[in-house]
Amino acid sequence: MKKYIPKDIESAIAQQWEAEETYKAPQTPEKDKSYTLVMFPYPSGAGLHTGHARVYTGTDVLARYHRMKGKSVLHPMGWDAFGLPAENAAIKLKKNPLDIVPQNIANFKQQMQRLGLSYDWSKEFSTTDPSYYQWTQWLFIQFFKMGLLHKKETPIFYCPSCKTGLALEEVLADGTHERCGNKVEERTLPQWIFRITKYADELLADLDGLDWPSGILQMQRNWIGKKEGMVIHHKVEGMEYVLDTFTAFPAWSFADTFIVIAPEHPLVDSLIENGKGTSEVVNYVAEIRAIPADERAASKEKTGVFTGLYAVDPFRPNEKLPIWIANFALMSFGTGAIRCSAHDPRDVAFATKYSIPLREVVERETETPVNAHEGKGILVDSGPFTGKEVSSVVEDFVAWVSKEKIGEKSTTYHLRDWVFSRQRYWGEPIPMVFCQSCADEKISYWAVAKETEKIYPNSPKIAQKVSGFVAEIEESLCGWFPLSDENLPLKLPYVDSYEPTETGQSPLSQIPDFVNTTCPHCAKPAVRETDTMPNWAGSCWYFLYFSRGVDFAIETKPSLQAWNSLIKPSAMAWNPVDWYIGGAEHAVLHLLYSRFWMKMLNDSGLVDFKEPFTRLRSVGIVLASDNRKMSKSLGNVINPNDVIDEFGADTLRVYEMFMAPFGQEVAWSTAAMQGAYRFISRVWQMYYSSAKFAKSAEIRSKTLDAELQSVISSIDTDITNVKFNTCISALMKFLNLWEESDSEVLSMKGAQDFLKLLAPFAPYMTDHIWRNVFGNNTSIHIAPWPQKDDSLTVEKQVTIAIQVQGKVRGTVSMPSSKLSQDIVIAEALKLEGVNRYIDGKEYKVIYVPGRVVNFVL
RNA sequence: GCCGGGGUGGUGGAAUGGUAGACACGCAGGACUUAAAAUCCUGUGACCUCAACAGUCGUGAGGGUUCGAUCCCCUCCCCCGGCACCA
């Protein structure tokens, strides 16, 4: 063997891995487990580019490392294939996604296989497999039974281009749809809604125990957006109406002189309905409601109109607060009504414009009133709190307001309930049936359900929690029944025309065979739900399904019993995921939704943990060499297959790991990749040509073997800190040293250890050398990871920097065994460069063992 | 505006209180070659110097703590990501 020609070795080695089942996960972990998972991809028609290769390689390095460390490793791959992008692409091609998706998957798979990723392919599945999505449907039904889903006419975001409703999380800050980039609108449609807000506190609190990047934790906290404050109740004069306002700064309430309410506020509606709205009010409301929310937010100009109504100020019962409608009051925050004062700049701007009197309760030292956000100052004219420091009275104030029955503590959240219906074809059909007859008779599922259908039999506490959820929504869901287990899966019909409709209805509604059915309760004619689930559904629990037995019968119908016998045991043995790797763009989408599903499953007893991903690491995207995102339309995409054809998968992998810290964004450079190719080729030469290692096991080298021990320990540290770039540089540095050494050869064990250290990064060529040079007949990838041998590290030369006044003026080198403060200082004082600066002056010595000596004059 | 993450040679980056620029790319010079590619060798932060020795400066800017700061603290500037008329 002479020259390194990757294509000559890679396919042969890959075949050996397959034949030897090198990467097969045990059914249940035998020892320490490492469930290593990369966020599974949506298989687009464009295939993988070299940017994708980075996240898969990094995750693979972790899996391979832990496998060699002797852990039980589950490292699976699957396909998140439902959803808008696949469907939109199929529409463009005028084909059915059912036909296209398998081709895309096949393409992704061959690309991944060429990369040498150590997946246990026996676990592979797609979220679009009926054998999988029947379980997704079954879980939907369990959540329905728990009262965590309801169907409701709701104002939602709607993408007119994709012709479907969306969740708030799918709308970007600029008001566009995160998938297609078009502006969204608001519409009111009947939707299935997940009551995720019921879990807002748990979703927030449990973040504290997670080993996740701080930025992603913070994004989830902000998204949940818990804010504690008070709701204040007001009587509206001349009406039987209690108007509630929300404030985060209750202690400033004595300042308030007016109230503003959102244009969408129910009080506005009742005013207009009662004919009490002036023409000014009617016109203003009509005008403002016509402007989409995001445009309204963009204009900071404050507008409003007086309703003619007054509220009694509970803090000053003799005074009245005029009620205005204002564009800056948002129905989506708090109660949609705000008490206003001089202590909020927005209120001041509004009051100034419309000449509404203001009052201050904290004396100012500047030209403008104190902003309540600053939270400091002495209160005046504030009832029992006059003369007190505002920051110190908050708790007392809240207690007093409650005691006086003016209002009570209240918490608001940014998190909204999760709109779970899509008016599209390419998703899991929602397994629900609506019976008009039962609805007319006010029959709900829970009124007629058998006890045995309950899924939370072992926890009275949870049964109580759930019955509370159900009580709140039961009436609104009369006539809705889930499919029974034996009727799952509810298959997505293969149809010729599946384009979204203009009517806000799913294309499935056009298919009578699909729609018409009978009521699961009374057997009269009934209709199916025709909306489908969003693309997030399948990824909410896929990590539980990967650990299933591979002989898991496809015909198996979902049921509680099947869950408990076929899915739960292995899922509990492997989950939660130990290493979860993916992009930060899912911070408040997939990563929030799947946490929510696990909390519901935990409450129902279907899983026994609360958090799915113990450890999360994010990957930085790879930009094209022009510093723009790789995209087909920009023509700057690099296909990993092309790189592999020319340089081999090992080179691509090493470069991907070396190019920058794993979590950081970086631009692709084919030129820089040459460095990785040189490195891999030189390793190859070292083993096949120069062969500077001992042929007998007894021979050792002093310096090389010692140096290798520190490489072992630095890679051990760096791999688990996902610092793959410094792992590679440590290996390169060692190879340089190895090549330079003329007088010594590395021990045979050292040569094998070096190969093992490189194996997770360059799996093909290392396994080839392992088998052909060292005569092994099993893979290097199941060989034990090198152990650092401290007996080899002793006689190392240590170089100590000698400083005068903190500036380096020389160095002293000696074997570490001779190292002592006195000797080092004595040596240092012999240095001419040091003496020149000390020059007979008095000095003090700082000695840091093994590092530095500093003479302070 | 608020919340995160950053700012180090021509470039990607290393160093988490102890010799700043490891490792790599690029570039320059050299070897091999008829020549080129590939490969190998040498050099490569800036300034000063023919050069070496020595020296000065240098991690976005300014200040502070420390014997010693890329690293900790304060003020400010810039870039990236997220959120935001949030009461």
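Residue positions are given per chain, counted from 1 along the sequence in the order it is written. All chains are assigned letters beginning with A, and all ligands numbers beginning with 1, in the order in which they are written. Thresholds applied to this predicted model are a pLDDT of at least 70 for local features of residues and 80 or more for the giving and counting of side-chain atom pairs; totals over whole chains, interfaces and linings are not thresholded and use all residues. Hydrogen atoms and water are omitted, and side-chain values are computed over all heavy atoms in the structure.

**As for the overall build of chain A**
Piece 1. Broken down by element type, chain A carries 28 helices and 25 strands.
Piece 2. Overall size of chain A, expressed as C-alpha extent along the three principal axes, is 100 × 85 × 55 Å.
Piece 3. Should any heavy atoms of two residues lie within 4.5 Å, those residues are considered in contact. Considering only contacts within chain A whose residues lie at least 6 apart along the sequence, 75% involve residues at least 24 apart.
Piece 4. Shrake-Rupley sampling with a 1.4 Å probe provides the accessible areas, and residues are treated as covered by the protein chains on show and by no other component. A total accessible area of about 37100 Å² is found for chain A, and carbon and sulfur atoms account for 51% of it.
Piece 5. Counted as positive: Lys and Arg. Counted as negative: Asp and Glu. His and the chain ends are not counted at all. In this description, the location of a charge corresponds to atom NZ of lysine, CZ of arginine, CG of aspartate or CD of glutamate. Distance between charge centres in chain A, computed from 91 positive and 104 negative side chains, equals 4 Å. Counting from the N terminus, the helices are DSSP H or I runs at least four residues long and the strands are E runs at least two residues long.

**Structural notes on the pattern of salt bridges**
Piece 1. By definition, a salt bridge exists where a carboxyl oxygen of Asp or Glu is found within 4 Å of a side-chain nitrogen of Lys or Arg. This structure, assessed with the given rule, holds 42 salt bridges.
Piece 2. Between R64 and D60 there is a salt bridge whose closest N-O contact spans 2.8 Å. Separated by four residues within a single helix, R64 and D60 lie in helix α2 (residues 50-68), roughly one turn from each other.
Piece 3. Judged by relative accessible area, R64 falls into the buried class, the value being 1%.
Piece 4. Throughout this description, buried means an accessible area under 20% of the type-specific maximum (1.4 Å probe, protein chains only), exposed means over 50%, and partly exposed covers the range between. By relative accessible area, which is 0% here, D60 ends up buried.
Piece 5. The closest approach of N and O atoms between D767 and R771, which form a salt bridge, is 3.3 Å. Of this pair, D767 and R771 both sit in helix α26 (residues 763-772), four residues apart, which is roughly one turn of the helix.
Piece 6. For D767, a relative accessible area of 0% corresponds to the buried category.
Piece 7. Several salt bridges converge on common partners, so that one network encompasses D206, R595, K599 and E611.

**Thoughts on the side chain of D603**
Piece 1. Along the chain, D603 turns up in helix α19 (residues 590-604).
Piece 2. Its relative accessible area of 7% is what places D603 among the buried residues.
Piece 3. Polar side-chain contacts of D603 include one of 2.7 Å to the side chain of Y199.
Piece 4. In this view, D603 contacts M146, Y199, Y456, I462 and K465; residues no more than four positions away in its chain are not counted. In protein, a polar contact requires one atom able to donate a hydrogen and another able to accept it; more generally it is a pair of N or O atoms within 3.5 Å, and residues adjacent in sequence count only if both atoms are side-chain atoms.

**What about the sheet that holds strand β2 (residues 72-74)?**
Piece 1. Any two strands with at least two DSSP-identified bridges between them are counted as paired. Pairing within the open sheet is parallel, and its four strands lie in the order β2-β1-β18-β19. The two strands at the open ends of the sheet, each matched to only one other strand, are β2 and β19 (616-619). For this sheet, the mean inter-axis angle between neighbouring strands, taken without regard to orientation, is 20°.
Piece 2. One ladder, built from three bridges, connects strand β1 (residues 33-38) with strand β18 (residues 579-583); its direction is parallel. Looking at β18, one finds that V38 is bridged to I581.
Piece 3. A fitted line through C-alpha atoms serves as each axis, taken over the contacting stretch for helices, and the angle formed by two N-to-C directions is quoted from 0 to 180°. The sheet contacts of α2 involve β1, β2, β18 and β19, and relative to β1 the element is tilted by about 170°.

**Focus on unusual backbone geometry**
Piece 1. A cis amide bond links L488 to the next residue, P489, at an omega of -5°.
Piece 2. Mapped onto the secondary structure, P489 falls in the loop between β15 (480-482) and α16 (512-515).
Piece 3. Residue P576 is reached from N575 by a cis peptide bond, and omega for that bond is 0°.
Piece 4. Positive phi is not limited to glycine here, since D381 has a value of about 50°.

**Focus: the nonpolar core**
Piece 1. We call a set of buried residues a nonpolar core when its members are Ala, Val, Leu, Ile, Met, Phe, Trp, Tyr or Cys and they connect through side-chain atoms within 4.5 Å of each other. W418, W541, W597, Y687, W738 and F761 are the most contacted members of the largest nonpolar core, which has 196 residues in total.
Piece 2. Counting 20 residues, the second largest nonpolar core, distinct from the first, contains A255, V393, F397 and V401.

**What to know about the packing of aromatic side chains**
Piece 1. Here a Phe, Tyr or Trp ring, Trp counted by its six-membered ring, pairs with any other such ring whose centre lies within 6.5 Å, and the pair is stacked when the planes are under 30 degrees apart, edge-to-face when over 60, and tilted otherwise. In this structure the tally under the stated criterion is 78 aromatic pairs.
Piece 2. Arranged with centres 5.3 Å apart and planes meeting at 25°, the rings of F194 and W418 form a pair that is stacked. Taken together, the residues span a long stretch of sequence, with F194 in strand β5 (residues 185-194) and W418 in strand β13 (residues 418-419) at a distance of 224 residues. Side by side, F194 and W418 carry an identical accessibility label, which is buried.
Piece 3. Plain terms: the ring middles of W418 and Y593 are 3.6 Å apart, the flat faces sit at 0° to each other, and that makes the pair stacked. Here Y593 lies in helix α19 and W418 lies in strand β13, a separation of 175 residues in the sequence.
Piece 4. Look at W418 and you get buried, because its relative accessible area is 0%.
Piece 5. What makes Y593 buried here is its relative accessible area of 0%.
Piece 6. Only when the NZ atom of a Lys or the CZ atom of an Arg is both within 6 Å of the ring centre and within 35 degrees of the ring normal do we say a charge sits over the ring. Sitting over the face of the ring of F514, R528 holds its NZ or CZ atom 5.8 Å from the ring centroid.

**Digging into the environment of S459**
Piece 1. Among the secondary structure elements, S459 is positioned in the loop between α14 (445-448) and α15 (460-473).
Piece 2. On a C-alpha basis, the gap between S459 and S214 in space is 34 Å, while along the polypeptide they are 245 residues apart.
Piece 3. For S459, the side chain forms a polar contact with the main-chain nitrogen of I462, separated by 3.1 Å.

**A few points about the protein's contact with RNA strand B**
Piece 1. Around RNA strand B sit 59 residues, and of these K227, F333, R346, M659 and Q664 come closest.
Piece 2. K733 places a polar side-chain atom, nitrogen or oxygen, 3.0 Å from a sugar or linking oxygen of RNA strand B.
Piece 3. Contact between RNA strand B and Y837: a phosphate oxygen at 3.0 Å from a side-chain N or O atom of the residue.
Piece 4. Element by element, the count of residues in the surface near RNA strand B is highest for helix α24 (residues 724-740), at six residues.
Piece 5. For this scheme, ten residues count as nonpolar: Ala, Val, Leu, Ile, Met, Phe, Trp, Tyr, Cys and Pro. Four count as charged, namely Asp, Glu, Lys and Arg, and the remainder, Gly too, count as polar. Among the residues forming the surface near RNA strand B, the class breakdown is 25 nonpolar, 20 polar and 14 charged. Whether a residue is near a molecule or strand is decided by its heavy atoms; if any one of them lies within 4 Å of it, the residue is near.

**A few points about the state of the cysteines**
Piece 1. Cysteine sulfurs are considered disulfide-paired once they come within 2.5 Å of each other. In this structure the tally under the stated criterion is zero disulfides.
Piece 2. No disulfide involves C435; its sulfur sits 3.6 Å from that of C438, the nearest cysteine.
Piece 3. C435 sits in the buried class, given a relative accessible area of 0%.

**Things to note about helix α1 (residues 6-20)**
Piece 1. Expected span of a helix: the number of residues minus one, times 1.5 Å. Taking 1.5 Å per residue, 15 residues should reach 21 Å; α1 reaches 21 Å between its end C-alpha atoms and fits that length.
Piece 2. Residues of α1 that are buried make contact with α2, α20 (640-647), α21 (649-658), α22 (670-690) and α26.
Piece 3. E21 occupies a position one or two residues after α1 and carries a positive phi of about 50°.

**Quick word on the packing of helix α4 (residues 97-114) against α20**
Piece 1. The geometry of α4 relative to α20 is characterised by a closest axis approach of 10 Å and an angle of 35° between their N-to-C directions. The way α4 lies across α20 gives a crossing that is left-handed. Here Q110, Q111 and R114 of α4 lie close against α20, whose contacting residues are P640, N641, I644 and D645.
Piece 2. Residues belonging to the contact of α4 with α20 are distributed by class as follows: two nonpolar, three polar and two charged. Crossings are sorted by hand: turned counterclockwise from the far helix by less than a right angle, the near helix makes the crossing left-handed, and turned clockwise it makes it right-handed.

**Some details on α24**
Piece 1. End to end, α24 covers 25 Å across 17 residues, agreeing with the expected 24 Å (1.5 Å per residue, within 8%).
Piece 2. By the burial criterion, the buried members of α24 are F724, N725, C727, I728, A730, L731, M732, F734, L735 and W738.
Piece 3. Looking at the buried side of α24, the elements it contacts are α2, α21, α22, α23 (703-720) and α25 (748-758).

**Re the pairing of strand β23 (residues 807-815)**
Piece 1. Of the pairings in the sheet, the one linking strand β22 (residues 797-804) to β23 comprises eight bridges and is antiparallel in character. Of the residues in β23, the one forming a bridge with Q797 is P815.

**So, the sheet that holds strand β7 (residues 242-247)**
To summarise the sheet geometry, strands pair through backbone hydrogen bonds and adopt either a parallel or an antiparallel arrangement.
Piece 1. Taken in spatial order, the three strands line up as β7-β6-β12 in an open sheet, and their pairing is antiparallel. Since the sheet does not close on itself, it has two edges, and those belong to β7 and β12 (407-412), each with one partner. Ignoring which end each strand starts from, the neighbouring axes of this sheet average 35° apart.
Piece 2. Pairing of strand β6 (residues 227-235) with β12 involves six bridges; the strand directions are antiparallel. Across the sheet, the residue bridging to M230 is K409, located in β12.

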